[in-house]
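Spelled out, the chains give:
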Amino acid sequence: MGFPQREAAIVGVYTTEQARGMERSMWSLELEAIKGALDDAGLSHKQVDGLIPMAYETPLNLHMAWAEQLGGRPITYMDVGNGSSAVAKATNAIAAGMANVVVIYFANCNNPNGPRQLKVQSKAPRVPDWQFMVHGAYMSVWYAMWTRQYMHEYGTPHEIFAEYPVQMRANAMLKPDSLMGHRGAITVEDVLGSRMIASPLHLLECPLDNDGGYAIVVASKEIAKDCKTKPVWVLGGAEATYTDSYMTIPSPWNDPKGQAVRKCSDMAFDMSGIGRDEIDVAGLYDCFAVTVARNLEEMGFCSMGEGADYMKEGHLYRGGKMPANTDGGLMANSHNGNPSGMHTIEVTRQLRGECGERQVKDAKIGVTLAQGWSVHGLAGTLLLAAD
């Protein structure tokens, strides 16, 4: 039995305000996001019978707490996942008759990414106290090393990677509620002239660090046909991981074909029957430009070492053959702790034709790639289609 194509659809999406230092609680943001996504779909909280919270630690008491808030009714489907794989899991559950309306949600508030106070440890690094502390910094150090290795291995000029945040700022300028769009355009010279964080990465080459929440509602095809919004149908999706959370950091070049991203992408595309050349719009996890290059390679859009050239040729940018992260991505729109679902929300809005000036013309098929919890070691790929 294959993946249940078009048996379920994304029928509601919502993002709260995205900002730094918000005077809100995580719970209030989650509540706003859940209510907003249900309202977007035209559904009631009384119809929800499946929950997928995307917290970093997800014990069942989180499901139980929200089951109480949603009316104290039985919730029949409970799972975990990232922004892309959660939608695929919800689809499978709905097709199996385990639920009819599944809400996927996340919020972060006053919990900044990475360490804020370093301390000397007498223990080995492979313990929770040191899980984020590599050479006294956070992920920028790992990605700096990977960027340097990529540039060395393939002769990639730094300017190709520095162009990426320039294009994301341009995208964000077309999204009124993005964090960075109101600050205006930047140039490659601005990027390379910004403060050095971890060589060769400068400040404007690093993702944002902010608060915010969001939610996604997936419903059965029977319910979807009566929702307020156009359904965005799920064609295929998968998830994969191969390393632990931020502690063991293998080189992404250990396997020429890739590992987690390659596996879940091949599975998702095979399930959907969609070819890579059929994608109209993409949401690619883009914490750093080298991540985008490597993901393009692992996802099968180009060969090993060709990701930077794919970017250089403008295929990802406005007017390209596969515009990606049209909201500005993690560098210019929002990076709210676990932004893996933000890409799915933007692609959903594109496939519903709701993106105004940044709308991709005639967008019918989209792909989203989620990562998180581990540097390139956990991934989820999702294929979506417009109604």
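Residues numbered from 1 in each chain as written. Predicted model: local features only at pLDDT ≥ 70, side-chain atom pairs only at ≥ 80, totals over all residues. Heavy atoms only, no water.

A.B. asks: It is not clear to me how the pattern of salt bridges should be interpreted in this structure. Could you clarify?
C.D. replies: Opposite charge on two side chains lets them pair, provided their charged atoms get close. Evaluated as defined, the whole model comprises 12 salt bridges. Where Arg276 meets Asp266, a salt bridge forms, and the shortest distance between an N and an O atom there is 2.9 Å. Linking Arg276 in the loop between helix 8 (260-272) and strand 9 (281-284) with Asp266 in helix 8, this pair joins segments that are 10 residues apart in sequence. By relative accessible area, which is 23% here, Arg276 ends up partly exposed. For Asp266, a relative accessible area of 28% corresponds to the partly exposed category. In this structure, the salt-bridge partner of Arg358 is Glu346, at a minimum N-O distance of 2.8 Å. Placement of the pair is Arg358 in the loop between helix 12 (342-351) and strand 10 (365-371) and Glu346 in helix 12, with a sequence separation of 12 residues. Judged by its relative accessible area of 11%, Arg358 is buried. Judged by relative accessible area, Glu346 falls into the buried class, the value being 3%. (Salt bridge = Lys/Arg side-chain N within 4 Å of Asp/Glu carboxyl O. Helix = DSSP H or I, 4+ residues; strand = E, 2+ residues; numbered from the N terminus. Buried < 20%, exposed > 50% of the residue type's maximum accessible area, 1.4 Å probe, protein only.)

A.B. asks: What should I look at first to understand the confidence of the model for the protein in this one?
C.D. replies: Detailed reading of the predicted coordinates is not advisable wherever pLDDT falls low. Of all residues in the protein, 89% attain a pLDDT of 70 or more, and the chain-wide mean is 90. Across residues 123-127, confidence stays below pLDDT 50; counting only partners more than four residues off in sequence or on other chains, it has six contacts. (pLDDT = per-residue confidence, 0-100. Contact = heavy atoms within 4.5 Å.)

A.B. asks: What exactly am I supposed to notice about helix 1 (residues 26-41) here?
C.D. replies: Residues that lie three or four places apart on an α-helix share one face, since the helix turns once every 3.6 residues. An ideal rise of 1.5 Å per residue puts 22 Å on 16 residues; helix 1 measures up with 23 Å between its terminal C-alpha atoms. The elements touched by buried residues of helix 1 are strand 1 (8-15), helix 2 (60-69), strand 4 (101-108) and strand 7 (212-220). Count one or two residues on from helix 1 and you reach Gly42, which has phi positive near 80 degrees. (Expected span 1.5 Å × (residues − 1).)

A.B. asks: Even after reading the chapter, I still don't get the nonpolar core, so can you show me in this structure?
C.D. replies: Side chains of nonpolar character tend, in soluble globular proteins, to be buried together. One finds Leu296, Met311 and Leu316 to be the most contacted residues of the largest nonpolar core, which totals 60 residues. If you tally residues by element for this core, the top one is helix 4 (residues 139-154), at eight residues. Other than its neighbours up to four places away in sequence, Leu296 contacts Leu284, Phe301, Cys302, Gly307, Tyr310, Met311, Leu316 and Met322. Membership of the second largest hydrophobic core comes to 32 residues, among which are Val13, Ala86, Val232 and Leu382. (Core = buried A, V, L, I, M, F, W, Y, C linked by side-chain atoms within 4.5 Å.)

A.B. asks: Sorry if this is basic, but what is going on with the environment of Ala370 here?
C.D. replies: Within the fold, Ala370 resides in strand 10. It is 7.6 Å that separates the C-alpha atoms of Ala370 and His343, two residues lying 27 residues apart in sequence. Excluding residues within four positions of it along the chain, Ala370 makes contact with Asn82, Gly83, Ser84, Tyr285, Ser340, Leu378, Ala379 and Gly380.

A.B. asks: Got a minute to help me understand the sheet that holds strand 3 (residues 77-78) in this structure?
C.D. replies: Sheet strands associate in pairs through backbone hydrogen bonding, adopting either a parallel or an antiparallel arrangement. Reading across from one edge, 3-2-4-7-1-8-11-10-9 is the order of the nine strands in this open sheet, with mixed pairing throughout. Looking at the sheet topology across the chains shown, the edges are occupied by strand 3 and strand 9. Relative to strand 11 (residues 378-385), strand 8 (residues 232-241) runs antiparallel, the two being bridged by eight bridges. Bridging across to strand 11, Thr241 finds its partner in Leu378. (Pairing = 2+ DSSP bridges.)

A.B. asks: Hey, could you run me through unusual backbone geometry in this one?
C.D. replies: If a residue is not glycine, its phi is most likely negative; likewise, a peptide bond is most likely trans. A cis amide bond, omega 10 degrees, links Ser199 with the succeeding residue Pro200. Checked against the element boundaries, Pro200 lands in the loop between strand 5 (196-198) and strand 6 (201-202). A positive phi angle, near 55 degrees, is found at Arg6, a position not held by glycine. With respect to the helices and strands, the residue Arg6 is situated in the segment before strand 1. By relative accessible area, Arg6 is classed as partly exposed at 38%. Phi at Asp362 takes a positive value of approximately 55 degrees, unusual for a residue other than glycine. With respect to the helices and strands, Asp362 occurs in the loop between helix 12 and strand 10.

A.B. asks: What should I look at first to understand empty space enclosed by the protein in this one?
C.D. replies: The rolling of a water-molecule-sized probe over the atoms marks out the regions of remaining empty space. What the rule picks out here adds up to four cavities of 30 Å³ or more. Volume-wise, the largest cavity comes out at about 70 Å³. What lines the largest cavity is Thr15, Thr16, Gln18, Lys175, Asp177, Asp327, Asn333, Ser334, Met342, Ile345, Glu346 and Arg349. Here the lining of the largest cavity gets four residues from one element, more than from any other, and that element is helix 12. Partitioning the lining of the largest cavity into residue classes produces two nonpolar, five polar and five charged. For the second largest cavity, the calculated volume is near 50 Å³. Taken together, Thr147, Phe161, Pro165, Leu201, Glu205, Phe288, Ala289, Val290 and Met331 make up the full set of residues lining the second largest cavity. Those elements that place two or more of their residues in the lining of the second largest cavity are helix 5 (158-172) and helix 9 (289-298). Taken together, the residues that form the lining of the second largest cavity break down as seven nonpolar, one polar and one charged. (1 Å grid on protein atoms, 1.4 Å probe; cavity = no way out; pocket = protein on both sides within 12 Å on 5 of 7 lines; lining within 4 Å. Points joined across faces, edges and corners; volume = space filled by probe spheres on them. Nonpolar A, V, L, I, M, F, W, Y, C, P; charged D, E, K, R; others polar.)

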